[in-house]
Amino acid sequence: MLKRIFLFVMILLLILVAVLGFNTLRHTSKQIAVTPLAVLNLDQAGAAQRLATALRFQTISHQGQPDAAIAEFKKMHAHMQQAFPLIHSKIKRETVGAASLLYTWEGSDPKAKPLLLMAHQDVVPVAAATEQNWQQPPFDGVIKDGYIWGRGSWDDKGNLFAILEAVETLLASGFQPRQTIYLGFGHDEEVGGLQGGQAIAALLQSRAIQLDYVLDEGLLITEGILKGLDQSAALIGVAEKGYATLELSLDATPGHSSMPPQKTAIGMMSLALARLEEQQFPAQIQGVALDMFETIAPEMTGVNRVLLSNLWLFRPLVQRELVKGGSTNAMLRTTTALTVVHAGNKDNVLPGHIQASVNFRTLPGDTQATVLQHVKQVVGNEAISLKTVPGNSEPSRVSPINSAAYRRLNTTIREVFANTIVAPGLMLGATDSRYFDGLSENIFKFSPVRASADDLPRFHGTNERISVKNYAEMIRFYHQLLMNGNRVAAH
């Protein structure tokens, strides 16, 4: 009897192994085959210097003061005119709002849908008392040790000036685009984009413009970050999460701390916040995250390839591991972040009012309404009132990955960044491109920036920099992307 049971178990195991092996092998590569490109000859030193000069303009966005640095923006605009004479003599430029810019490069085919390349001019402030931690001063625009150092080199003047360098180079070569090309550069993206990106979108919409695709800043080319993947991975953001901040407030009777009630207001609010942190939205491998893992799985090695190729069996195990990491957890669920608490002003006085802010980044499929319902249910205290704040936004639509626009972007990345795996991804933060949902079905969030795990803290942090070599790749990427637009028509 035991022998039969053992034999039966062994047969089941063999069948399982065979099924796992079959599933793993049948998930073949989804990468586009490309022909290696000849490297575009560029004046790398000159391009690096032009970007470094732009970093010296302190185009800082401050919350509630979107126009505080207008003089600095104007100085940078003058630098752009001087640095890119062909653009400013051959392409129409409009100022939108206080300092945003819209360039229009007319295409040869009036029937072809135009495209929009985006970047933003503003930068975040340097955290107080951290200037001394920078290897190079944040606004000196220093080129040293093969890097361009300074606030904005990565986010987002690197993209902005790489686009301008590519367009200037194309103009110098006599290139005529088939599609009209718009360049949209907002000036307040870091504080919501209401005066910049949103205004540019409204202007184009008022002109009844429909775009072939929109490309804005976004996900990166990661190196050594995805476990089990030996090659670099370029993730194209095909959607971005929504932004939903709720304010929780609780009124109570103020009094002396020597005679506290059984339940204090701070205690009740603390319990509500603890419940929200403990009872989060469920994590699931679905939607964009599923597309990403299915695209990457065939390129992985070892057990990671087996696990991701057989999610029908290993999904709970994979999800449990992914939620342990901050970035991977955020891909799988609507996240909950306790960000602000105001309560009390003296150690022997019970406060009469408590207010807390909780920020949710919503997955496509969730909404501000579902967030509000979730919070009401989890908090379970009618004494705590809830209010949404201005500036909240729903998740974007998911752009299709089977479109010609996505394929063009995918192909260009593969051509310029050799041996790089390309996959769709979910943008966790908010970009100006969210305002363009009504203007195109294809809205992508991708920055041709190489980043290792050690580089990620530089984003909005200390020692922001871009390598001169990578910056040249960024220019080549935008140059090739626009060239490919004409080649698509030829085919």
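This text follows the structure it describes.
Report on the accompanying structure. (Residues numbered from 1 in each chain as written. Predicted model: local features only at pLDDT ≥ 70, side-chain atom pairs only at ≥ 80, totals over all residues. Heavy atoms only, no water.)

1. Overview of the sheet that holds strand E13 (residues 353-362)
Within a sheet, neighbouring strands are paired by backbone hydrogen bonds and run either parallel or antiparallel to one another.
Consideration 1: Read across the sheet, four strands follow the order E11-E13-E9-E14 without closing on themselves; strand pairing throughout is antiparallel. Bordering the open sheet on either side are strand E11 (335-343) and strand E14 (385-388), each of which pairs with just one other strand. When strand polarity is set aside, the average angle formed by the axes of neighbouring strands in this sheet is 20°.
Consideration 2: Pairing geometry for E11 and E13, over eight bridges, is antiparallel. Within E13, the residue paired with His 342 across the bridge is Gln 355. (Pairing = 2+ DSSP bridges. Helix = DSSP H or I, 4+ residues; strand = E, 2+ residues; numbered from the N terminus. Axes fitted to C-alpha atoms, helices over the stretch in contact; angles between N-to-C directions.)

2. A short note on empty space enclosed by the protein
Consideration 1: Scanning all chains against the criterion turns up two cavities of 30 Å³ or more.
Consideration 2: Approximately 40 Å³ is the volume found for the largest cavity.
Consideration 3: Considering the residues around the largest cavity, the lining is formed by Leu 115, Phe 175, Pro 177, Arg 178, Gln 179, Ile 181, Arg 408, Leu 481, Leu 482, Gly 485 and Asn 486.
Consideration 4: With four residues, the top contributor of residues to the lining of the largest cavity is helix H14 (residues 468-490).
Consideration 5: In terms of residue class, the lining of the largest cavity is built from six nonpolar, three polar and two charged. (1 Å grid on protein atoms, 1.4 Å probe; cavity = no way out; pocket = protein on both sides within 12 Å on 5 of 7 lines; lining within 4 Å. Points joined across faces, edges and corners; volume = space filled by probe spheres on them. Nonpolar A, V, L, I, M, F, W, Y, C, P; charged D, E, K, R; others polar.)

3. So, the layout of surface pockets
Consideration 1: If you add up the space inside the second largest pocket, you get close to 400 Å³.
Consideration 2: If you go around the second largest pocket, you meet 19 residues; those closest to its centre are Leu 37, Ala 38, Val 39, Glu 415 and Val 416.
Consideration 3: Mapped by element, the contributors of at least two residues to the lining of the second largest pocket are helix H13 (404-416) and H14.
Consideration 4: With six residues, H14 is the largest single contributor of residues to the lining of the second largest pocket.
Consideration 5: Grouping the amino acids of the lining of the second largest pocket by side-chain chemistry returns nine nonpolar, five polar and five charged.

4. Some words on the pattern of salt bridges
Consideration 1: Within this structure, the stated rule accounts for twelve salt bridges.
Consideration 2: Glu 240 is the salt-bridge partner of Lys 445, the closest N and O atoms lying 3.1 Å from each other. Here Lys 445, found in strand E16 (residues 443-452), pairs with Glu 240, found in strand E8 (residues 232-240); they are 205 residues apart in sequence, far enough to count as distant.
Consideration 3: Glu 240 gets classed as buried once you look at its relative accessible area, which sits at 1%.
Consideration 4: A salt bridge links Arg 458 to Asp 455; the shortest N-O distance between them is 3.3 Å.
Consideration 5: What makes Arg 458 buried here is its relative accessible area of 14%.
Consideration 6: Take Asp 455: its relative accessible area is 17%, and that puts it in the buried class. (Salt bridge = Lys/Arg side-chain N within 4 Å of Asp/Glu carboxyl O. Buried < 20%, exposed > 50% of the residue type's maximum accessible area, 1.4 Å probe, protein only.)

5. Quick word on the pairing of strand E6 (residues 181-186)
Consideration 1: Counting buried residues in E6 gives six out of six residues, a clear majority hidden from the surface.
Consideration 2: Relative to E6, strand E2 (residues 100-105) is paired through five bridges, and the arrangement is antiparallel. Looking across to E6, one finds that Thr 104 is bridged to Tyr 182.
Consideration 3: Alignment of strand E3 (residues 115-120) against E6, held across six bridges, turns out to be parallel. Following the sheet pairing, Leu 117 is matched in E6 by Leu 183.

Spatial relationships are all this shows, so hold off on functional conclusions.
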